[in-house]
Structures are given as structure tokens and as C-alpha cells.
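The chain contents come next:
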Amino acid sequence: MGSFSVVHWLIVLAIVLLLFGTKRLRGAGSDLGSAVKGFRDGMREGNATLAAAEAQATAAPTAARPADAP
């Protein structure tokens, strides 16, 4: 026994369509798409926050040092 062939996957797809219907599957697909988009936006926002915090952390020690220090 190996992996399924294309014919097997088409039969599975037909059964799923018959059980759930296209409207319910379309709704599930749009929900999944919006969840992925929200995750990507959150990751982008988190990376921007992390980069800003790193920039602030590297700038802070040089500004806190007195000018006459060796």
C-alpha cells in the first residue's frame, strides 16, 4: 500500500462536497483565510515591535554614557 492516487483524492473530494455542501465549505475556507491573514499581520506587527525595541535598546546605552568618559 502506498499513497493515494489522483482518482482516490477525487472520490474523497466528491464525498466531502456531498456531505458538507459548497456553501459550508466556502464559509470554512474564508474563515481559514481570514485566520491566516490575521496571523500574518500579527507576526508582522510583532516583528516591527521587536525591531523597535532592539533599536531603542542599542541606542540607550550610548546616550546614557557621559561625554567625558573614556
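Residues numbered from 1 in each chain as written. Predicted model: local features only at pLDDT ≥ 70, side-chain atom pairs only at ≥ 80, totals over all residues. Heavy atoms only, no water.

1. Comments concerning the overall build of the protein
Condition: Only DSSP runs of H or I with at least four residues qualify as helices, and only runs of E with at least two residues qualify as strands; both kinds are numbered from the N terminus onward. When a residue's accessible area, from a 1.4 Å probe over protein chains only, is under 20% of the maximum for its type it is buried; when over 50% it is exposed; and in between it is partly exposed. Using a 1.4 Å probe, accessible areas were evaluated by the Shrake-Rupley method; residue-level cover was limited to the displayed protein chains.
Within the protein, the secondary structure is distributed over 2 helices and 0 strands. With 70 residues in all, the protein has 0% of them scored as buried. Summed over all atoms, the accessible surface of the protein reaches about 6400 Å², with 68% contributed by carbon and sulfur.

2. Brief notes about helix H1 (residues 6–20)
Put simply, the rule is: Each residue after the first adds 1.5 Å to the expected span of a helix.
Here H1 contains 15 residues, and its C-alpha end-to-end distance of 21 Å stays within 8% of the 21 Å for a straight helix at 1.5 Å per residue. Of the residues trailing H1, Gly21 is marked for its positive phi of about 85 degrees.

3. So, a nonpolar patch on the surface
Counted only if it meets this: Patch definition: residues with relative accessible area over 30% and no salt bridge; like charges joined within 9 Å; nonpolar side chains (Val, Leu, Ile, Met, Phe, Trp, Tyr) joined within 5 Å. Just to be clear on terms, a salt bridge is a Lys or Arg side-chain nitrogen sitting within 4 Å of an Asp or Glu carboxyl oxygen.
Where nonpolar side chains cluster on the molecular surface, the patch consists of Val6, Val7, Leu10, Ile11, Leu13, Ile15, Leu17, Leu19, Phe20 and Leu25 and spans about 950 Å² of accessible area. Take Leu17: it is sitting in helix H1.

4. Focus on the packing of aromatic side chains
To be explicit about the condition: Only the six-membered ring of Trp is used, alongside the rings of Phe and Tyr, when aromatic pairs are assigned; centres must lie within 6.5 Å, and planes under 30 degrees apart are stacked while those over 60 apart are edge-to-face, with the rest tilted.
For the structure shown, the criterion picks out 1 aromatic pair. Considering the side-chain rings of Phe4 and Trp9, the 5.6 Å spacing of their centres and the 80 degrees angle between planes classify their relative orientation as edge-to-face. Residue classification places Phe4 among the exposed positions, given a relative accessible area of 56%.

5. Some points on the pattern of salt bridges
Under the defined criterion, the tally for this structure stands at 1 salt bridge. Residue Arg44 pairs with Asp41 through a salt bridge whose shortest N-O separation is 3.2 Å. Placement of both Arg44 and Asp41 in helix H2 (residues 22–64) is noted, with a separation of 3 residues, approximately one turn of the helix. Residue Arg44 is classed as exposed on the basis of its relative accessible area, which comes to 55%. Given the relative accessible area of 35%, Asp41 is considered partly exposed.

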